[in-house]
Amino acid sequence: MPVVPTYEDRGIRLDPGLNFRDTTRATGEMFGSGIGEALGSVGRGLIDIGQAVAEVKDLDATNEAKDSNNTFMGGARELSYGKSGYMGTSGRAAVEGLEGYKASLLQLAKDGAAGLSPLAQRKYWDASNVTINNLMDEASRHAMTQRGVWTVQTSKARVDTFRENAAASWDTNDEKLDVIAGFTELQNIGGLLGLHADDLADQSAELISGVYEDRIVRKAETDPIGAAADIESQKGFLLTDAQNRLKATVGEAALDKTTWQDGVAFAERKRKPADAGKPLFAEAGADATGRAGPTPERALLLGRITGDDAGKVLRLDSNFATNLSALMDDAPPKLRDDIGIRFPESEADGTGRTVDLTYKGESLSVAPLQLQDWARRNAERYGLRMPVGGAGGSVVAAADGVTARALAPSSGQIDKHLAAIADPRRRDIARQAILGTLEQQSQQELQQQMAAKAELWRQVGDGVAPDQVPFSVRQGAGSDAVASARSYAAKTLAGPLATDEVLLRDIYLYAASRPEDFARLDLNDYRDRLEGSDLKALAAAQSAIGQDSRKARDQGAELASAFDLAKTRLEEAGAIGSGGGESAEQRQLLAQVQNALYDDLAAFRKANPSTRPTTADFQKMINPHILGYYITPRPAAESGAGKPVRFGDISPNLRDSIARQLQQELGRQPTDGEVAREYQAFRLAQGA
């Protein structure tokens, strides 16, 4: 009979054995290698069939045992050497994980035996015990080795803790005690590792150096410049590597901090007067009106005057002149020399607190957008305000005093200072420090003024006369705001406040072309010229821009197109002049029609929230407001209102306008009869 291994010990042996990775394997004899020979003997008639069947059953049990053992060995390999295998652990994790590893290995082996026949189980355990014992031995050796690693790691971590404590408790008794404790722990490590005395001395030096390095790094968090000085003064305690590390980090941080401080200090210097385009007048002192005479600031304005109003420069409010010249001096470099001033007609004998900005002697409206945007968005930093409306270049005094920005270094001075800094990174640091300081100063002033203006208007709204508002509030708000409040109070006493149609239209156009700037507009500045309902609607429009600025820009473009179309239609009707030659009455008429169109467009958007208006929609909105201007009124008896209208009776301009409207509605060119009937229907509706 074939001889197969016999199962002698049903328990699991944990005796040391071979190394699993190097020599452990299940041999053929363990799984009955003689069975094959027995089967061959059956074929040769050497044994009987009954005996062969018994041996085949033994072979089946062997195969079952092999399959389960293969699965177990794969799992054991993953458990030991896989991605998170135990043999890859180190230090404390290896020591504390040993028992768990052994339990998992035994459980894996038990799981492999589940479901096997008794004979297959005996064969399975005979083969698996060898693997288990070898892995248990190797795991025990690994844990013992890593116990030493853990001990050293713990001691080194303790040294680091004492070092950090010493740095944190610098110049105290605790600091000295922590250093002593660190030395003691180093000696402990030396004993564990058998370190030579020289090696132990090196590690002690590293401890001292580490304490000083940690202290300097801690100090650098709040005082990098002082910490950088400590690198030099305490270099006797610092190893060379530590000095190099500190210079590369703390030293650079100190240079950055110095650059920043220098930038802040520069921002707090005084502005140098700009070069004047014309020399100062020979006479000094005050002029006939008592206002201050020539100054460096007025000299700049004299060099930029458009027209022959040089004498008016001397009558400008001194603080206004200072703020204005600073604004012009700080304009974008490529456009700085092209910006000038001229005096509006209202300033013939005015307060000296308003001028019009010009570009190359022309209206500011023809200037590049870069200059227009810069002037409007920066005027308030110089105590100035650019009111909405007109040619767009008007500048008035919003603050009574000279602003911090007008006193601080000019843009030219800043550029020159930055150009002297060779390192690009430090140049950026200096730029951020300078501009950040200037902006902080400006914002502080603006916030104080806005708070004062809000309080002024709150009290005026409650019925307090502007001149009865506390002086400190009026002073903070500025004369411009107080004048507006006085105007508002006087108008409301005389009766309901009427909206200035031209101003309202200009604000609509301003919102259409500059939605972000409109959102920041202080509507109180126009409170004496707009009805409460219009102010409320404008405030809602400002809020809507903050919610969706892209939508505001799209709708602004639509509004501008609709306004242009309304203007063209009125010009065609002869109701207003073309080419900018409108009279005051015609400008009022145009504004009324455009404002009505604004309301119609708002109603259209409310009724059709997902539809963008077309040109045909604009025409339908415009027609009711302008068709009446195509017709010369006649007495009813002469008009023949009920009689048929012939095409030839309609004026050419009116025919063309009606034809365009019908073409957009019908999608084709209308007939002459359709034009005539449309005109007759309009006349009947008007009672003509």
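Residues numbered from 1 in each chain as written. Predicted model: local features only at pLDDT ≥ 70, side-chain atom pairs only at ≥ 80, totals over all residues. Heavy atoms only, no water.

Remarks on the overall build of the protein
- Within the protein one finds 26 helices and 5 strands.
- Taking all contacts inside the protein whose residues are at least 6 apart in sequence as the whole, residues at least 24 apart take part in 67%.
- For the protein, the exposed area adds up to about 36,100 Å²; of that, 52% sits on carbon and sulfur atoms. (Helix = DSSP H or I, 4+ residues; strand = E, 2+ residues; numbered from the N terminus. Contact = heavy atoms within 4.5 Å. Areas by Shrake-Rupley, 256 points an atom, 1.4 Å probe, with all protein chains shown as cover.)

Examining the environment of Glu582
- Its location among the elements puts Glu582 in the loop between α21 (549-572) and α22 (584-607).
- Note: C-alpha distance between Glu582 and Glu571 (11 residues apart in sequence) is 9.9 Å.
- When near neighbours in sequence (up to four residues on either side) are disregarded, Glu582 contacts Lys567, Ile576, Gly577 and Arg587.

A look at helix α15 (residues 424-461)
- With 38 residues, α15 should cover 56 Å at 1.5 Å per step; its first-to-last C-alpha distance of 54 Å lies within 8% of that length.
- The N-cap of α15, judged by a side-chain oxygen 2.9 Å from the amide nitrogen of Arg425 a few residues on, is Asp423.
- Positive phi shows up at Gly463, right after α15, with a value of about 100°. (Expected span 1.5 Å × (residues − 1). Polar contact = N/O pair within 3.5 Å; in protein donor to acceptor, adjacent residues only side chain to side chain.)

Observations concerning the nonpolar core
- Membership of the largest hydrophobic core comes to 35 residues, with the highest contact counts inside it found for Ile507, Phe518, Leu530 and Leu538.
- Residue assignment for this core shows that the elements contributing at least two residues are α18 (501-513), α20 (532-547), α21, α22 and α23 (615-626).
- Apart from the residues within four sequence positions on either side, Leu538 is in contact with Leu504, Ile507, Tyr508, Phe518, Leu523 and Leu530.
- Within the second largest apolar cluster, 31 residues are counted, among which are Ile305, Phe320, Ile339 and Phe343. (Core = buried A, V, L, I, M, F, W, Y, C linked by side-chain atoms within 4.5 Å. Buried < 20%, exposed > 50% of the residue type's maximum accessible area, 1.4 Å probe, protein only.)

Examining the pairing of strand β5 (residues 394-397)
- Both strand β2 (residues 354-359) and β5 contribute to a ladder of 3 bridges, which runs antiparallel. Paired with Val355 across the bridge in β5 is Val395.
- Pairing between strand β4 (residues 384-385) and β5: 2 bridges, direction antiparallel. Bridging across to β5, Leu384 finds its partner in Ala397. (Pairing = 2+ DSSP bridges.)

Topic: the pattern of salt bridges
- Per the counting criterion, the structure on display carries 31 salt bridges.
- Two residues, Arg271 and Asp329, come together in a salt bridge whose shortest N-O distance is 3.5 Å. With Arg271 in the loop between α8 (240-267) and α9 (296-302) and Asp329 in helix α11 (residues 318-329), this pair connects stretches of sequence that are 58 residues apart. Neither residue differs from the other here; Arg271 and Asp329 are each classed as buried.
- With a closest N to O distance of 3.9 Å, Asp525 and Arg385 form a salt bridge. (Salt bridge = Lys/Arg side-chain N within 4 Å of Asp/Glu carboxyl O.)

Points about helix α12 (residues 369-378)
- All of the buried residues in α12 are Leu371, Gln372, Trp374, Ala375, Arg376 and Asn378.
- Contacts from the buried residues of α12 go to α11, β1 (339-342), β2 and α18.

With respect to the packing of aromatic side chains
- Tallied over the entire structure, the rule returns 6 aromatic pairs.
- Each ring, one from Trp374 and one from Tyr382, has its centre 6.4 Å from the other, and the planes form 50°; the classification is tilted.
- With a relative accessible area of 18%, Trp374 lands in the buried category.
- Aromatic side chains Tyr508 and Tyr598 sit 3.6 Å apart centroid to centroid with 10° between the ring planes, which places their arrangement in the stacked category. Taken together, the residues Tyr508 in helix α18 and Tyr598 in helix α22 connect sequence positions 90 residues apart. (Phe/Tyr/Trp six-rings, centres within 6.5 Å; stacked < 30°, edge-to-face > 60°.)

Description of the side chain of Thr354
- The topology assignment puts Thr354 in strand β2.
- Separated by 3.0 Å, the side chain of Thr354 and the backbone oxygen of Val395 make a polar contact.

Regarding the environment of Leu335
- Along the chain, the position of Leu335 falls in the loop between α11 and β1.
- Residue classification places Leu335 among the buried residues on the basis of a relative accessible area of 10%.
- For the pair Leu335 and Pro368, spaced 33 residues apart in sequence, the C-alpha separation works out to 8.7 Å.
- Ignoring anything within four residues of it in the chain, the contact list for Leu335 reads Tyr359, Pro368, Gln370 and Leu371.

Looking at the packing of α15 against helix α17 (residues 479-494)
- For the pair α15 and α17, interaxial distance at closest approach is 11 Å and the crossing angle is 15°. When the interaxial angle is binned, α15 and α17 end up roughly parallel. Note on packing geometry: the crossing formed by α15 with α17 is right-handed. Contact with α15, carried on its side by Lys453, Leu456, Trp457 and Val460, involves Ala481, Val482, Ser484, Ala485 and Tyr488 of α17 and no other residues of that element.
- Within the contact of α15 with α17, the residues separate by chemical class into 7 nonpolar, 1 polar and 1 charged. (Axes fitted to C-alpha atoms, helices over the stretch in contact; angles between N-to-C directions. Parallel < 35°, antiparallel > 145°, perpendicular 65-115°, else oblique. Left-handed = near helix turned anticlockwise from the far one by under 90°. Nonpolar A, V, L, I, M, F, W, Y, C, P; charged D, E, K, R; others polar.)

Quick notes on the packing of α8 against α15
- Interhelical geometry of α8 versus α15 gives an angle of 40° and a closest axis separation of 8 Å. Relative to α15, the element α8 is oriented oblique. As for the relative orientation of α8 and α15, their crossing is right-handed in sense. Residues Glu252, Leu255, Asp256, Thr259, Trp260, Gly263, Val264, Phe266 and Ala267 of α8 touch α15, and the partners they reach there are Arg425, Arg426, Ile429, Ala430, Gln432, Ala433, Ile434, Thr437 and Leu438.
- When its residues are assigned to classes, the contact of α8 with α15 shows 10 nonpolar, 4 polar and 4 charged.

Re the confidence of the model for the protein
- Chain-level statistics for the protein give a pLDDT mean of 80 and a share of 75% at 70 or above.
- Of all helices and strands in the protein, the one with the weakest mean pLDDT is helix α24 (residues 636-639) (42), whereas β4 scores best (96).
- Every residue in residues 276-292 scores below 50 in pLDDT, and together they form 32 contacts with partners more than four places removed in sequence or on other chains.
- Here residues 632-642 scores under 50 on pLDDT; set against residues more than four positions off or in separate chains, the count is 9 contacts. (pLDDT = per-residue confidence, 0-100.)

Topic: unusual backbone geometry
- The backbone of Lys360 shows a phi angle near 55°, a positive value even though the residue is not glycine.
- Within the fold, Lys360 resides in the loop between β2 and β3 (362-363).
- Overall, Lys360 belongs to the exposed group, its relative accessible area being 56%.

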